[in-house]
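Summary of the model geometry
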Amino acid sequence: MGAVVLYKSMSLDGFVAGPDIGAEHPMGKGGMRLHEWMFTDQPDPRDKEVLATMSASVGAVVVGKRTFDVGLPHWQDTPYPAPTFVLTHQTRDELVMKSASFTFVTDSIEAALKAAQDAAGDKDVIVMGAQTGRQFLRGGLLDELLINLVPVVLGSGSRLLEDLGHIELTRTQVIASDAVTHLRFRVVK
């Protein structure tokens, strides 16, 4: 079984999205700056390697409903070519896409995780979304945290590491480019 990993790009002041998240600004106002390092025409080889390693490890994804709602119009598919499980309170039929499908889970985060782990096999389960990430951290369900620290101060928006209480992390990797510093942590359980 793979790890349960939360990948997040984050500003220096701890925001993973800017303010006013919605259809017009899926990452909030100014939040796309956090992802520019991924979509540049000439990516740094170090960043390119981090992305390749991350993509190769994905076996399934768990996202929150808001991430699904604002992301789908832009992705036009699952966020990775892997089964994706959406945490929601609304029952909905499976949504089959080009690369994989979205399955809507109304039971609990544990049920979504179990379904994702079953689908992922030996690969990792990736967790997406600030609120969903906080739920997994709070519930002790996360194995690793990869923070892509971007040299920008957003000033406001959505924070990942807010109202969590005490959580111990062990740093396992640091890769720095001019655009971003990739910090990988193991969650101490």
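Up top is the structure.
Let us look at the structure shown here. This is a predicted model, so every value here is computed, not measured.

A closer look at the sheet that holds strand β10 (residues 169-176)
The strand order across the open sheet built from 9 strands is β5-β6-β4-β3-β7-β1-β8-β11-β10, with neighbouring strands paired in mixed fashion. Two strands in the sheet have a free side with no partner beyond their single neighbour: β5 (95-96) and β10. Both strand β1 (residues 4-11) and strand β7 (residues 124-128) contribute to a ladder of 3 bridges, which runs parallel. Across the sheet, the residue bridging to Leu6 is Val127, located in β7. Across the face of the sheet, helix α2 (residues 65-75) comes into contact with β3 (58-64), β4 (84-87), β5, β6 (101-105) and β7 while running at roughly 115° to β3.

Focus: the pairing of β7
Burial within β7 is extensive, with 5 of its 5 residues counted as buried. Both faces of β7 are covered, namely the face carrying Asp124, Ile126 and Met128 and the face carrying Val125 and Val127. In terms of strand pairing, β3 meets β7 through 5 bridges, oriented parallel. By the bridge assignment for β7, Val58 is matched with Asp124.

Quick notes on unusual backbone geometry
Apart from glycine, the bulk of residues carry a negative phi angle, and the bulk of peptide bonds sit in the trans form. Even without being glycine, Asp20 reaches a positive phi, approximately 65°. Counting through the fold element by element, Asp20 comes out in the loop between β2 (15-17) and α1 (45-57). When its relative accessible area of 52% is taken as the criterion, Asp20 is described as exposed. If you check the backbone angles, Gln76 has positive phi at about 60° while not being a glycine. With respect to the element layout, Gln76 can be found in the loop between α2 and β4.

Quick notes on the layout of surface pockets
As a volume, the largest pocket reaches approximately 1200 Å³. As for the largest pocket, its lining consists of 46 residues, of which Lys8, Thr67, Trp75, Met128 and Gly129 are closest to the centre. The biggest single contributor to the lining of the largest pocket is α2, with 7 residues. Taken together, the residues of the lining of the largest pocket break down into 21 nonpolar, 18 polar and 7 charged.

What about the nonpolar core?
The biggest cluster of nonpolar side chains holds 28 residues, and the ones touching the most others in it are Val62, Phe136, Leu142, Ile147 and Leu160. Put simply, the parts of the chain that give this core at least two residues each are β1, β3, β4, α3 (109-120), β7, α4 (130-138), β8 (144-150) and β11 (181-187). Take this core: its biggest share by element is 5 residues, from α3. Leu142 has contacts with Val4, Val5, Leu6, Val127, Phe136, Leu137, Val187 and Lys189, leaving out every residue within four places of it along the chain. Within the second largest apolar cluster, 24 residues are counted, among which are Tyr7, Val63, Met128 and Val180.

Cut-offs applied
- Residues numbered from 1 in each chain as written.
- Predicted model: local features only at pLDDT ≥ 70, side-chain atom pairs only at ≥ 80, totals over all residues.
- Heavy atoms only, no water.
- Pairing = 2+ DSSP bridges.
- Helix = DSSP H or I, 4+ residues; strand = E, 2+ residues; numbered from the N terminus.
- Contact = heavy atoms within 4.5 Å.
- Axes fitted to C-alpha atoms, helices over the stretch in contact; angles between N-to-C directions.
- Buried < 20%, exposed > 50% of the residue type's maximum accessible area, 1.4 Å probe, protein only.
- 1 Å grid on protein atoms, 1.4 Å probe; cavity = no way out; pocket = protein on both sides within 12 Å on 5 of 7 lines; lining within 4 Å.
- Points joined across faces, edges and corners; volume = space filled by probe spheres on them.
- Nonpolar A, V, L, I, M, F, W, Y, C, P; charged D, E, K, R; others polar.
- Core = buried A, V, L, I, M, F, W, Y, C linked by side-chain atoms within 4.5 Å.

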